[in-house]
Amino acid sequence: MTMKDYLIRRLIVIIPTFFLITVIIFTLIHLAPGDPTTMMGGARPLREDVKEKIRIEYGLNQPIPVQYLIWLNKLLHGDLGYSYISGSSVIDMISARISLTIELQLLAELLSIAIAVVLGVIAAVKHHSIYDASCSVGALIGYSTPDFWLALMLILVFAVWLGWFPTSRPETVGLTFTTPFHALFDHLKHMFLPTLTLVTVWTAYLFRMVRSAMLEVLTQDYITTARSKGLKERVVIYKHALRNALLPVVTYVGYSIGLLFTGAVVVEEIFALPGLGQLMVERSEARDYPTLMGLSIVIAIMVLIASLCADIAYAAVDPRIRYD
Amino acid sequence: MNSRLHTNSKKKNEKVHRPSRATRLFIVWRKLKKSKLAIAGFGIVLLMSLVALLSPIIAPYSPDSPSGSSRMPPSMEHIFGTDNLGRDMLTLVMYGARISVYVGIATVLIEIAIGLSIGMTAGYFGGIIDEILMRVADVVFTLPMLMMVLLAISMFEVRSINIIILVMAILEWPLMSRVVRSEYLSLREATYVEAARSMGASNLRIMVRHILPNILSVMIVLATMDIPWFILLEATITFLGFGDPMSSSWGVLLERGFPHMSTSWWIITFPGLALLITSLGFNLLGDGLRDALDVKVRE
């Protein structure tokens, strides 16, 4: 079997998974007692005849399986419907906000992988040293810290008390930038605390993984062989051990994009960043079903793509995989 | 007749030593005691559970009525200060422990019930059943957790802690079922399972009476490690405004303190610290148990 065949097979598996996800999301939404018309009109509930009209207009009077098929058909044509609250197109709302969420995720993920790998490898090599012990305890504390509370503490210290960083929004309001560099600098300054929050928690998480994977690999026979061949310790660690230790880490990172999104929701909400997470929280309270379903689908697709990338990376890194 | 007598006498001479349950517990405890971190974790968990149980007795003030003026900084009377309604923060944090400990344990129990039965079935029977169950587990695992929880919670008319618990457990079982499945997959080939089967034991009996006791230590470690995760998740959900506003869960306290954070730091600091310490305690204990019970769990 070649790499190409493997990729095709992997892609085919995605299709039933995707359909199962659409079924779950649709069912979850329609398990709810009442329908969207109960929430429309806010404090003044709509009259029954008005509700009936809306139900007919949105197709809410159809049986659930029919509604699902209609929704799925639209979905496959790239139509996610219109918000019950604002009336704007869901796909437009999502595309306007998606870049900020992806930026935050990528920034946090890449930084934490880099830091965690470096710290984790050193800790594993210097097993039982003071450095290892303090890093491990530090990681355990970071891992136990609620991310939203960390965000609040960072705001308190760096924004409220020290005044070094702004507390919210992706850029300073009402400021005209003279150069693009100035604009970028301002943006990065606003992204600093949100990114720091995610990086702290994530580094702690990944550090534990890298360290334990590395410790396990270092006891293997092939490492002893490499050492007894007289290879330099650096070559043994970085070429032989690290490559194998990274395998579980790669898979895990791919599958945990959804988990990272959890952190992003909270951080976007606290720092008032207009990303997907903030939209999600806002619309959950208002029960804006089309927007929520659209968001869930888009995020599920992102997670599927990430796990696919992880599998490909795994296959590429691991020489033992024969694609079968 | 003769041979039976023979086996009996042989058994008597050998004196098969099987440690009692209490002794086995003691062995684990002795191993656990070697790690200072694990003992610290055990202490924290014990302390938090005691606070949760005894909060109506040991809390200095009432959690429902003001005991001072609004937003007083920490002092001798109010060690953690007061909130914007003048209630004592220490009291509120103590009552919050009740909710967090309850959430952690209740969610894990439901998660075990789901994860164990699905993982057990998939691993023991294998084949097409395994294929289907694990595909479903994969899909549920792919769903963005917090998003699904918010989605499900916003569906209900009432805001209640039990709904949050149920939703979290329903969405979080896949990882546990995967571990259980792989244990059953290998243990079903064990000789003692074959022996039990040859004696006519039913599938259910083999799964529950013969295999389950052998994966008990894995389950204990997994459960201990999942408790802090559920506690933090519940706090996150309630912080985002999806909790029961009448309860004084740590997440609700933080949500209410958020608007006042720039003027009164203590309102958001102490409930968060309590969260951090509790989750740290369970994580330390989980790590310690993993080493003491010699269980391999992917972090």
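Sequence order as written defines residue numbering, which begins from 1 separately in each chain. Labels are handed out in written order, letters beginning with A for the chains and numbers beginning with 1 for the ligands. Where totals are concerned, whole chains, interfaces and linings use all residues; where local detail is concerned, this predicted model gives features only for residues with pLDDT of at least 70, and gives and counts side-chain atom pairs only at 80 or more.

## With respect to the overall build of chain A
Counted only if it meets this: In this description a helix means any DSSP run of H or I spanning at least four residues, a strand means any run of E spanning at least two, and both kinds are numbered starting from the N terminus. As a rule, residues whose C-beta atom has 12 or fewer other C-beta atoms within 10 Å are exposed, those with 20 or more are buried, and those in between are partly exposed; C-beta atoms are placed from the backbone. By the convention adopted here, residues are in contact when the distance between their C-beta atoms, placed from the backbone, does not exceed 7 Å.
Of the regular secondary structure elements, chain A holds 13 helices and zero strands. Secondary structure of chain A in N-to-C order comes out as α-α-α-α-α-α-α-α-α-α-α-α-α. With 324 residues in all, chain A has 35% of them scored as buried. Within chain A, contacts between residues at least 6 apart in sequence are counted, and of these 74% link residues at least 24 apart.

## Re the overall build of chain B
Spelled out, the test is: What the globule rule says is 2.2 Å times the number of residues to the power 0.38, and the radius of gyration is computed from C-alpha atoms.
Check the secondary structure of chain B and you find twelve helices and zero strands. Order of helices (α) and strands (β) in chain B, N terminus to C terminus: α-α-α-α-α-α-α-α-α-α-α-α. Expected size for 299 residues packed as a compact globule is a radius of gyration near 19 Å; at 24 Å, chain B overshoots this value by more than 25%. Principal-axis analysis of the C-alpha atoms places the extent of chain B at approximately 90 × 45 × 30 Å. Taken across its 299 residues, chain B has 43% of its residues classed as buried. Within chain B, residue pairs in contact and separated by at least 24 positions form 70% of the contacts whose partners lie at least 6 positions apart.

## A look at the packing of helix H10 (residues 216-242) of chain B against helix H12 (residues 265-292) of chain B
Two packed helices can be described by the angle between their axes and the distance between those axes. Residues and elements named next belong to chain B. Note the cut-off: Convention adopted: a line fitted to C-alpha atoms gives each axis, helices being fitted over their contacting stretch, and angles between N-to-C directions are expressed from 0 to 180 degrees. In what follows, roughly perpendicular refers to angles from 65 to 115 degrees, roughly parallel to angles under 35, roughly antiparallel to angles over 145, and oblique to any angle outside these ranges. Each crossing is labelled by how the near helix is turned from the far one, with a counterclockwise turn of less than a right angle marking it left-handed and a clockwise turn marking it right-handed. Under this grouping Gly is polar, as are all residues other than the nonpolar Ala, Val, Leu, Ile, Met, Phe, Trp, Tyr, Cys and Pro and the charged Asp, Glu, Lys and Arg.
Close contact between H10 and H12 brings their axes to 8 Å; oriented N to C, the two are set at 165°. The angle between H10 and H12 falls in the class roughly antiparallel. Like other packed secondary-structure pairs, H10 and H12 cross with a definite hand, here left-handed. Contact residues: Ile220, Val221, Thr224, Met225, Ile227, Pro228, Ile231, Leu232 and Ala235 in H10; Leu275, Thr278, Ser279, Phe282, Asn283, Leu285, Gly286, Leu289 and Arg290 in H12. Here the residues of the contact of H10 with H12 sort into twelve nonpolar, five polar and one charged.

## A closer look at the interface of chain A and chain B
On the chain B side, the residues contacting the 43 residues of chain A number 36 residues. Each residue belonging to the side of chain A that touches chain B can be placed in one class, and the counts come to 30 nonpolar, nine polar and four charged.

## Re unusual backbone geometry
All names here are of chain A. Backbone geometry places His128, a non-glycine residue, at a positive phi of 70°. Looking at the secondary structure, you find His128 in the loop between helix H5 (90-125) and helix H6 (130-144). C-beta crowding within 10 Å serves as the criterion here: with 7 such atoms nearby, His128 is assigned to the exposed category. Of note, the phi angle at Ala272 is positive, near 50°, even though the residue is not glycine. With respect to the helices, strands and loops of the structure, Ala272 is situated in the loop between helix H11 (257-270) and helix H12 (276-286). A count of 13 C-beta atoms within 10 Å places Ala272 in the partly exposed class.

## Considering the environment of Tyr314(A)
All names here are of chain A. Note that Tyr314 resides in helix H13 (residues 289-317). When the 16 C-beta atoms within 10 Å are taken as the criterion, Tyr314 is described as partly exposed. A C-alpha to C-alpha distance of 8.4 Å links Tyr314 and Pro248, two positions 66 residues apart in sequence. Leave out the neighbours within four places in its chain, and Tyr314 touches Leu247, Val250 and Thr251.

## Details of the confidence of the model for chain B
Residue and element names in this part refer to chain B. To keep it simple, the criterion reads: Each residue carries a pLDDT value, the predictor's own confidence for that position, ranging from 0 to 100.
When pLDDT is averaged along chain B, the result is 84, and 92% of the positions lie at 70 or above. When the elements of chain B are averaged for pLDDT, helix H1 (residues 2-14) gives the smallest value, 47, and helix H4 (residues 89-125) the largest, 92. pLDDT under 50 marks residues 1-11. Its contacts with residues more than four places away, or in other chains, come to one contact.

## Concerning the nonpolar core
Put simply, the rule reads: Buried Ala, Val, Leu, Ile, Met, Phe, Trp, Tyr and Cys residues whose C-beta atoms connect them within 7 Å together make up a nonpolar core.
Of all hydrophobic cores here, the largest spans 154 residues; its most connected members are Ala151(A), Val210(A), Val149(B), Ile153(B) and Met168(B). It is H4(B) that contributes the most residues to this core, 15 residues altogether.

## Examining the packing of helix H7 (residues 147-161) of chain A against H12(B)
The contact between H7(A) and H12(B) brings their axes to 10 Å, and the two run at 145°. Crossing geometry of H7(A) relative to H12(B) is assigned as left-handed. Within the contact between the two elements, H7(A) uses Trp149(A), Leu152(A) and Leu156(A) and H12(B) uses Trp265(B), Ile268(B), Gly272(B) and Leu275(B). For the contact of H7(A) with H12(B), a count of residues per class yields six nonpolar, one polar and no charged.

## Some remarks on the environment of Met72(B)
Turning to its location among the elements, Met72(B) is positioned in the loop between helix H3 (36-58) and H4. Among the residues examined, Met72(B) registers 18 C-beta atoms within 10 Å and is labelled partly exposed.

## What about helix H11 (residues 250-257) of chain B?
Burial within H11(B) is extensive, with seven of its eight residues counted as buried. The set of residues buried in H11(B) consists of Trp250(B), Gly251(B), Val252(B), Leu253(B), Leu254(B), Glu255(B) and Gly257(B). Where the residues of H11(B) are buried, they touch H7 of chain A together with H4, H10 and H12 of chain B.

## A word on H4(B)
To be explicit about the condition: One fewer than the residue count of a helix, multiplied by 1.5 Å, yields its expected span.
Helix length check: H4(B), at 37 residues, gives a terminal C-alpha distance of 53 Å against a target of 54 Å (1.5 Å per residue), a fit within 8%. Phi turns positive one or two residues past the end of H4(B), at Gly126(B), with a value near 65°.

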